Amino acid sequence: MAGGKMKKEKQKGPRAPSNHYQGGVTFHKSKGQHILKNPLLVDAIVQKAGIKTTDTILEIGPGTGNLTKKLLEAGKNVIAVELDPRMVLELQRRFQGTPFSHRLKVIQGDVLKTDLPYFDICVANIPYQISSPLTFKLLFHQPAFRCAIIMFQREFAMRLVAQPGDNLYCRLSVNTQFYARVSHLLKVGKNNFRPPPKVDSSVVRIEPRKPRPEVNHKEWDGFIRICFIRKNKTLGSIFKQKNVLSVLEKNYKTLQAVQSSQNASLSENDDMDIARFGDQSMEEDDGMDVEMDVECDEAEGAEGEVSEFKNKVLSVLKEGNFEEQRASKLSQESFLTILSMFNKAGIHFS
């Protein structure tokens, strides 16, 4: 039974370490299937969610329905998205013929490829490998929901809530907190799951900001990506790098040419051949600080003539006293200020 003690008995035959059972269903650790077995933890998650009796709840990864039952008791109805057809069948069997059956809708499919319906609250115990893409899928979901309560791998969760100056503060922290208020709710040990994962977990609350920030999504993402090439280097050092200047100058010349010939606004030219630094989108950011191998041209000023465009870029940073600042220490407001200054100077990142 969930939450009960199991007798430790020696197994006569070999037992696959990656498979565990509940109600005849085999759980596969390789697929990220870790079912909550602690009923006190399930109750705590529901309580932290602040569910209203009128709420439509989106549950991602319901498994065998331990959490689903509590959500049905608290809210108006539950929409459960489950990839594994065996789990879908188990859910249907569990609630068939109960008072909850007409208030539960089960969608079989990959949540990342599913058009999500309207919901007020999201509760999710997800495979950790989809943490980042799912987070940003939810943040850009319309209409905006009230909050999401999600179980993440501990380190990923701490990156989400990290503040400027923290060791774990990274591009993931900035992007997530730009679009939402994020708070850490619960620490969850690995023994609360069946089968237990290799790492501990945390429950995080995500509340989309309303109204959403009025910033071009691709522009913001491109700018933050460059700032965090090496988060502990000064912005002046980062924006002197040849690869960075090459991308920005290409964008600058392209936009100037288009604006002069067509008098078109940026928003009307989303399909132009605009360069972007790196090829990792915001949704693919796993929160790990991977420093890009870029060639630095800081010695160019001493050995040769400094380009006019390079001076233009650095003058923006100097004007706002940001040249000696580091991304690892900057707040959301500072990043917004710098981006606005660059854009006013005609320098764009998407």
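Structure: see above.
No experiment lies behind these values; they were computed from the predicted model shown. (Residues numbered from 1 in each chain as written. Predicted model: local features only at pLDDT ≥ 70, side-chain atom pairs only at ≥ 80, totals over all residues. Heavy atoms only, no water.)

Now for the pairing of strand β8 (residues 147-153). Most of β8 is tucked away, with 6 of its 7 residues classed as buried. Summarising the sheet, strand β7 (residues 121-125) and β8 pair through 5 bridges and their orientation is parallel. Bridge pairing in β8 links C122 to A148. Each parallel crossover has a hand, and the one from β7 via helix α4 (residues 131-139) to β8 is right-handed. Of the strand pairs in this sheet, β8 and strand β11 (residues 201-208) are connected by 6 bridges, and their pairing is antiparallel. Within the sheet, the bridge partner assigned to I150 lies in β11 and is V204. (Buried < 20%, exposed > 50% of the residue type's maximum accessible area, 1.4 Å probe, protein only. Helix = DSSP H or I, 4+ residues; strand = E, 2+ residues; numbered from the N terminus. Pairing = 2+ DSSP bridges. Right-handed = clockwise from strand over helix to strand, strands pointing away.)

On to the pattern of salt bridges, then. Side chains that differ in charge, positive against negative, can pair when their charged atoms come close. For the structure shown, the criterion picks out 9 salt bridges. A salt bridge links E155 to R159, with the shortest nitrogen-to-oxygen separation between them at 2.9 Å. You can see E155 and its partner R159 sitting in helix α5 (residues 154-161), 4 residues apart, about one turn around the helix. The exposure class of R159 is buried, given its relative accessible area of 6%. (Salt bridge = Lys/Arg side-chain N within 4 Å of Asp/Glu carboxyl O.)

What tends to happen in soluble globular proteins is that the nonpolar side chains get buried as a cluster. One finds F223, F239, F335 and F342 to be the most contacted residues of the largest nonpolar core, which totals 64 residues. Beyond its immediate chain neighbours, meaning those up to four positions away, F239 contacts F223, I226, C227, V244, L245, L248, V313, L317, F342 and F349. Judged by nonpolar contacts, the second largest core, of 28 residues, contains L71, L72, A74 and L186. (Core = buried A, V, L, I, M, F, W, Y, C linked by side-chain atoms within 4.5 Å. Contact = heavy atoms within 4.5 Å.)

With that out of the way, let us pick up helix α6 (residues 171-179). The buried fraction of α6 is high, at 9 of 9 residues. Those residues of α6 that fall on the buried side of the exposure criterion are R171, L172, S173, V174, N175, T176, Q177, F178 and Y179. Taken together, the buried residues of α6 touch α4, α5, β9 (180-188), β11, α7 (217-227) and α12 (332-344).

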